[in-house]
Amino acid sequence: MRYFLIISLATMLAASALAQPVLIRGATVHTALERQPLQNTDVLLNNGKIAAVGESLRAPDNARIIEAGGRALTPGLFAGITGLGIEEVSLEEDTVDNSVALTNELGMMRPEFDVTLAFNPLSAVLDANRAEGITWTLLGANVVQSGGLIGGQGAAVSLGHGFSPVLEGSRSLFVNLGADAAQFSGTSRAAQYMLIEQAIREAGSAPRNIEFERRMLTLTGRGILARYLKDGRWIVDVDRASDILQLLRLADKHDLQLVILGGSEAWRVATQLSEAKVPVILNALDNLPGSFDQLGARLDNAALLSEAGVRIAFTGGGTHNARKIRQIAGNAVAHGLDWYIALRAITRSPAIMLGLADNTGGIRAGFRADVVLWSGDPLEVTSYAENVWIAGRPVNMDTRQQQLLERYLPENPDTPRHYIK
Amino acid sequence: MMRCQRICRLLLGTALLTLSLTTSQTWAQSDAGPFASTYTPLQGPAVVIRNARILTGTGEQMDNADILLRDGRIIELGTGLEVDADVIEIDARERWVTPGIIDIHSHLGVYPSPGTVSHADGNEITSPSTPEVWAEHSVWPQDPGFEAARAGGITSMLALPGSANLFGGRAVALKNVPATTYQGMKFPGAPHGLKMACGENPKRVYGGKSTAPMTRMGNVAGYRAQWIKAAAYKDKWDKYHAQDDQDAEQPQRDLAMETLAGVLNGDILIHMHCYRADEMATILDLAKEFDYQVTAFHHAVEAYKIAGLLAEQGVCAAMWADWWGFKMEAYDGIQENIALVDRPDGGCAIVHSDSAEGIQRLNQEAAKAMARGNRAGLDITPAEAIKWITANPAEAMGIGAQTGTLEAGKMADVVVWNGNPFSVYALADQVYVDGALVYDRSDAAHQAISDFMLGQQPAAGE
């Protein structure tokens with residue numbers, strides 16, 4: 001097994017080392033690190049990294065040259081929380097792996113469940129979104145269907161790293177609070193804090209001390225939860241302002257590293273979030289009172305949070321339509337969010353939130369060579385990705401969707417359509 | 001005089017339709033029979049919108065043009081229009097004007113926000129055949145989604161039952177105006193629709209209970225059994241109406257059959273949830289067998305595979321710009337679907353939402369579809385693409401004579417955009433329904449709020 005791992009790692013390194021260098025010339029580079037785009041700038045990709053950013057860069061002999069002609073170059077986009085690679089057809093259970101329903105007792109939790117183990121880089125869904133400029137995503141452990149307040153663990157994954165996709169440092173625990181999760185807490189949200197406190201106590205106790213108490217965690221689960229208590233990220237799906245404040249108290253008490261997911265009413269408690277340095281991953285299109293937890297939902301949630309100094313990232317396109325993340329960001333701009341912050345909310349900001357600040361979500365020498373060249377404004381609905389690179393390698397643009405298009409585009413083909421491929 | 005001819009013809013058409021309905025007993029039209037429309041346009045002053053870029057919905061783009069609205073109607077379009085002194089002047093320089101946006105597939109009101117159990121009234125999932133139910137009887141006019149949609153330029157919509165049943169019930173065309181009753185929203189003169197469904201949903205819902213239909217062949221058998229009954233019902237009534245005997249006994253009314261007979265009479269329009277190309281072709285054959293017309297396939301994720309067939313048979317397809325893959329029958333979805341359906345002569349493409357979020361930005365959905373079509377080399381202009389969310393849905397809802405384009409004599413359903421509506425950054429500045437300003441982005445006095453939302457949001461500066 002170990003032998004196999006070494007081989008595959010070596011193959012991967014070899015592949016990236018052998019990838020042809022790429023020089024993108026004359027782009028408008030939105031680095032997502034500085035507000036002002038770099039005009040007429042060259043970017044060199046080599047050995048899986050951004051090798052250089054500057055004017056009139058010299059191309060290595062074997063480099064592929066791309067003339068950008070002033071078009072926008074951005075970091076590869078973050079898809080938000082999706083099931084890319086773990087969900088093929090949503091309503092076909094056998095093809096969906098983003099939740100676990102093993103728990104058999106109310107309140108039983110399985111934090112040891114890790115969705116990333118199900119990741120399939122050959123998914124056609126992943127391919128379709130990668131060609132649209134999506135280069136990484138956060139795989140979430142779906143809480144609601146899993147039978148407990150803690151859904152399990154997820155992580156950020158690269159969509160261009162084959163069978164070893166996890167971006168190290170990004171592992172996170174997924175938790176759900178509020179009305180959505182009341183079915184797992186004896187119908188009252190108040191009990192959610194009771195149950196989490198109980199799980200935390202259990203994780204911190206020696207096994208023999210809780211023998212006679214009703215157990216919420218397996219032995220493995222205890223170890224995992226203990227790790228997240230010590231040093232780990234908790235991504236908590238919660239919308240109502242009062243629930244967010246309760247959660248901030250809980251996090252403060254146990255010194256948890258917190259990220260809010262959803263946060264329809266987060267704008268109401270923006271100051272507290274800002275002071276606690278707790279970021280929010282939200283869908284900027286959530287403006288309807290979908291539930292009584294979301295009565296305060298509004299289109300300028302992102303703008304208000306950002307003005308208050310809260311770091312934001314976007315989610316909400318779902319798995320198949322993860323590419324919608326650009327439209328979500330664009331709408332946030334239409335409703336008051338700064339364009340640069342909106343771009344960062346689908347590139348740099350999630351990287352910082354997920355422990356990937358070193359080399360992800362920006363264009364700078366030494367960063368991952370995940371970049372996208374756009375036909376126009378990257379947040380505009382009429383623009384599209386023209387070239388996409390992950391770790392310096394061009395991604396496949398001949399997706400299943402593209403092949404379907406090419407089969408049905410000719411009006412009167414000479415050959416039966418099934419032979420067009 | 002021109003204007004009068006136009007309006008008079010409209011009114012005459014409406015009257016004739018009403019007349020024919022009283023004999024067929026299907027009550028298929030919104031201002032005849034029970035639950036009739038009580039919609040009355042809000043009164044507003046005459047308005048001239050000047051110097052705008054106007055997409056008329058007829059395929060035309062007019063630059064630097066004016067449009068005059070008075071007494072609820074579009075009076076005139078042109079450059080440098082001369083108007084009376086009492087007309088309100090709006091300078092729309094740098095702004096765009098389009099017909100009011102129309103969503104042909106909405107569940108606002110029947111599946112309202114908040115999504116409480118008590119208000120989930122969108123689908124009578126008790127039998128695969130429920131043509132006797134009417135969506136309007138489930139519409140909650142206080143759904144805050146109506147207001148949100150209005151801010152996105154939506155002036156009319158078709159509210160449909162859900163898709164669990166083969167025959168889901170009657171759909172209703174609504175004007176997107178604030179009202180306390182749904183009758184106050186019912187689009188005057190609009191025919192009813194009948195929601196039908198293909199494919200996975202009926203199979204899943206009923207097959208899962210080990211009752212018919214469990215398969216697609218079960219679906220088709222289910223449709224045919226009902227149409228056979230409907231044909232016999234219609235025949236019975238036709239015979240009754242044709243004979244002269246004053247004492248002849250009137251046949252027993254049957255609500256379900258009344259709806260289906262309304263389809264066979266051509267009074268009720270078929271809106272059929274159907275994803276796969278092969279299933280749509282099956283349904284077109286079914287319609288031939290029982291001699292009715294399918295007005296539009298909804299969702300129609302694979303419509304691009306049979307675009308020629310749909311155009312040939314005069315059937316519209318109402319589609320999403322990019323939804324796909326969430327179930328097997330949506331697995332072959334491509335973003336060029338809408339553009340490819342639009343391509344053949346007679347092609348009728350419609351962009352729909354089926355979503356309380358999507359309905360708020362149908363212009364962006366059309367923009368995405370246009371851009372993908374152009375990327376594939378289809379050369380589609382905004383003037384053409386705007387039809388997908390205006391003229392085409394209006395036609396398919398049977399209200400094309402009244403709304404859907406900016407032409408003299410039509411209802412003054414108009415949107416003024418702060419920029420190019422085919423942009424993610426565009427917002428509706430003003431929305432007019434029958435010439436009345438129902439939404440103004442910069443004036444809270446023209447931003448209605450539903451009863452439900454009253455008092456729910458303390459001031460932001462709390």
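In this text the structure is predicted, and so the values were computed from the model without any measurement.

A.B. asks: Help me get a handle on the pattern of salt bridges, residues and values and all.
C.D. replies: Applying the stated criterion across every chain, the model contains 49 salt bridges over all chains. When the shortest N-O distance is used, the salt bridge between D370(A) and R368(A) registers 3.0 Å. Judged by its relative accessible area of 7%, D370(A) falls in the buried class. The closest approach of N and O atoms between R276(B) and D278(B), which form a salt bridge, is 2.7 Å. Taking the relative accessible area as the measure of exposure, D278(B) reaches 40% and is therefore partly exposed. Each member of the salt-bridge network shares a partner with another, and the members are E132(A), R323(A), E336(B) and R372(B).

A.B. asks: Account for the side chain of R361(B), naming residues and giving values.
C.D. replies: With respect to the secondary-structure elements, R361(B) resides in the loop between β13 (349-351) and α9 (362-375). Classification of R361(B) by relative accessible area gives buried; the value is 3%. A distance of 3.3 Å separates a polar atom in the side chain of R361(B) from a polar atom in the side chain of N331(A). Residue contacts for R361(B): discarding those within four places in its chain leaves L285(A), L299(A), Q327(A) and N331(A).

A.B. asks: Quick rundown of the sheet that holds strand β9 (residues 172-176) of chain A? Include the residues and the values.
C.D. replies: Residues and elements named next belong to chain A. Here we have 8 strands laid out as an open sheet, ordered β6-β7-β8-β9-β10-β11-β12-β13, and mixed in their pairing. Each edge of the open sheet is held by one strand with a lone partner, namely β6 (77-82) and β13 (312-314). Averaged over all neighbouring strand pairs, the angle between strand axes comes to 25 degrees, with direction disregarded. The pairing of strand β12 (residues 280-282) with β13 spans 3 bridges and is parallel. Note that in β13 the partner of L282 across the bridge is F314.

A.B. asks: Residues and numbers for the confidence of the model for chain B, please.
C.D. replies: Residues and elements named next belong to chain B. The predicted model of chain B averages 93 in pLDDT, with 94% of residues at 70 or higher. Predicted confidence for residues 1-24 stays below pLDDT 50, and this span has 24 contacts to residues more than four positions away or in other chains. Across the interfaces of the predicted complex, the ipTM metric reaches 0.94, alongside a pTM of 0.94.

A.B. asks: Provide a residue-level description of the sheet that holds strand β11 (residues 294-299) of chain B, including the pertinent values.
C.D. replies: All names here are of chain B. Taken together, the 8 strands give an open sheet; going across it, the order is β6-β7-β8-β9-β10-β11-β12-β13, and neighbouring strands pair in mixed fashion. On the outer flanks of this sheet lie β6 (101-106) and β13, each paired with one strand and no other. Recorded for the sheet is a direction-independent mean angle of 25 degrees between the axes of neighbouring strands. As judged from the 4 bridges shared by β11 and strand β12 (residues 316-319), these two strands associate in the parallel manner. Bridged to H298 within β12 is A318.

A.B. asks: Quick one: what's the story with the nonpolar core, residue by residue and with numbers?
C.D. replies: Core analysis: the biggest nonpolar cluster contains 103 residues, and W234(A), L258(A), I260(A), L273(A), L305(A), F314(A) and L354(A) have the highest contact counts within it. Taken domain by domain, this core gets at least three of its residues from each of domain 1 (1-76 + 362-421) and domain 2 (79-360) of chain A. Listed in part, the 92 residues of the second largest apolar core include L166(B), V177(B), A339(B) and A349(B).

A.B. asks: Could you give an account of the pairing of strand β10 (residues 269-274) of chain B, with specific residues and numbers?
C.D. replies: All names here are of chain B. Here β10 lies mainly inside the structure; 6 of its 6 residues are buried. Alternating positions in β10 separate into two faces, L269, H271 and H273 on one and I270, M272 and C274 on the other, with burial throughout. Sheet topology places strand β9 (residues 193-197) next to β10; 5 bridges connect them, and they run parallel. For M196, the partnering residue across the bridge sits in β10 and is M272. Sheet topology note: the β10/β11 ladder contains 5 bridges and is parallel. Opposite I270, over in β11, you have V294 as the bridge partner.

A.B. asks: So what about the interface of chain B and chain A? Which residues, and what values?
C.D. replies: Taken together, the contact between chain B and chain A spans 51 residues of the former and 48 residues of the latter. A salt bridge links R372(B) to E132(A), with the shortest nitrogen-to-oxygen separation between them at 3.3 Å. Inspection of the region where chain B meets chain A yields 25 residue pairs in polar contact (both at pLDDT 80 or more). Mapped onto the side of chain B that touches chain A, the elements with two or more residues apiece are α2 (144-151) and α9 of chain B. By residue number, the principal contributor to the side of chain B that touches chain A is α9(B), which donates 8 residues.

A.B. asks: Just give me the short version of helix α3 (residues 200-207) of chain B, but keep the residues and values in it.
C.D. replies: All buried positions along α3(B) are accounted for by E200(B), N201(B), P202(B), Y206(B) and G207(B). On its buried face, α3(B) sits against β9, α4 (216-242) and β10 of chain B.

A.B. asks: Kindly report on the packing of α4(B) against helix α6 (residues 277-289) of chain B, identifying the contributing residues and their values.
C.D. replies: Residues and elements named next belong to chain B. Running from N to C, α4 and α6 point in directions that differ by 20 degrees, and their axes come no closer than 11 Å. Here α4 is positioned roughly parallel relative to α6, judged by the angle of their axes. Here α4 runs over α6; the crossing is right-handed. Each of R216, V220, Y223, R224 and W227 in α4 lies in contact with α6, whose residues at this interface are E279, T282, I283, L286 and E289.

A.B. asks: Would you mind going over the domain arrangement of chain A in detail, with residue names and values included?
C.D. replies: Residue and element names in this part refer to chain A. When its domains are assigned, chain A resolves into domain 1 (1-76 + 362-421) and domain 2 (79-360). Centre-to-centre, using C-alpha coordinates, domain 1 lies 29 Å away from domain 2. The interface is formed by 36 residues belonging to domain 1 together with 33 residues belonging to domain 2. Summing both sides of the interface, domain 1 and domain 2 together bury roughly 2,700 Å²; the carbon and sulfur share of this comes to 61%. Contact with domain 2 buries surface across domain 1, with R35, R368 and L379 losing the most and accounting together for 26% of the total. Counting across the interface, domain 1 meets domain 2 through 1 salt bridge. A salt bridge links R35 to D338; the nearest nitrogen and oxygen atoms lie 2.9 Å apart. Mapped onto the side of domain 1 that touches domain 2, the elements with two or more residues apiece are β5 (72-75), β14 (371-374), β15 (385-390) and α11 (400-408). For the side of domain 1 that touches domain 2, the leading source of residues is β15, giving 4 residues.

A.B. asks: Kindly report on α2(B), identifying the contributing residues and their values.
C.D. replies: Each α-helix winds once per 3.6 residues, and so residues spaced three or four apart point in a common direction. All names here are of chain B. Of all 8 residues in α2, 7 are buried; the element is thus mostly enclosed. Along α2, the residues that are buried comprise P144, G145, F146, E147, A148, A149 and R150. Sitting at the amino-terminal end of α2 is D143, which places a side-chain oxygen 2.7 Å from the backbone nitrogen of G145. A positive backbone phi angle near 90 degrees is found at G153, which sits one or two residues after α2.

A.B. asks: Go over the pairing of strand β14 (residues 414-417) of chain B with me, naming the residues and quoting the values.
C.D. replies: All names here are of chain B. Alternating residues of β14 divide into V414 and V416 and V415 and W417, and every residue in both groups is buried. Pairing analysis gives 4 bridges linking strand β5 (residues 96-99) to β14, with the strands arranged antiparallel. Among the inter-strand pairings, W96 is bridged to a residue of β14, identified as W417. Two strands pair when backbone bridges link them, and β14 and strand β15 (residues 428-433) are joined in this way by 4 bridges, in the antiparallel orientation. Residue V415 lies in a different strand from β15, and its bridge partner there is V431.

A.B. asks: Give me the packing of aromatic side chains: which residues, what numbers.
C.D. replies: Residue and element names in this part refer to chain B. Using the criterion set out here, one finds 16 aromatic pairs over all chains in the structure. Ring geometry for F167 and W227: centres 5.5 Å apart, planes at 75 degrees, overall edge-to-face. Of this pair, F167 sits in strand β8 (residues 167-175) while W227 sits in helix α4, and the two are 60 residues apart along the sequence. Side by side, F167 and W227 carry an identical accessibility label, which is buried. Between Y275 and F326 the ring centres are 6.2 Å apart and the planes differ by 70 degrees, which places this aromatic pair in the edge-to-face class. Here the residue Y275 occupies a position in the loop between β10 and α6, and F326 occupies one in the loop between β12 and α8 (337-342), the gap between them amounting to 51 residues. By relative accessible area, Y275 is classed as buried at 3%.

Rules used in this analysis
Residues numbered from 1 in each chain as written. Chains lettered and ligands numbered in written order. Predicted model: local features only at pLDDT ≥ 70, side-chain atom pairs only at ≥ 80, totals over all residues. Heavy atoms only, no water. Salt bridge = Lys/Arg side-chain N within 4 Å of Asp/Glu carboxyl O. Buried < 20%, exposed > 50% of the residue type's maximum accessible area, 1.4 Å probe, protein only. Helix = DSSP H or I, 4+ residues; strand = E, 2+ residues; numbered from the N terminus. Polar contact = N/O pair within 3.5 Å; in protein donor to acceptor, adjacent residues only side chain to side chain. Contact = heavy atoms within 4.5 Å. Pairing = 2+ DSSP bridges. Axes fitted to C-alpha atoms, helices over the stretch in contact; angles between N-to-C directions. pLDDT = per-residue confidence, 0-100. Core = buried A, V, L, I, M, F, W, Y, C linked by side-chain atoms within 4.5 Å. Domains from an automatic or database assignment. Parallel < 35°, antiparallel > 145°, perpendicular 65-115°, else oblique. Left-handed = near helix turned anticlockwise from the far one by under 90°. Buried area = accessible area lost by both parts, 1.4 Å probe. Phe/Tyr/Trp six-rings, centres within 6.5 Å; stacked < 30°, edge-to-face > 60°.

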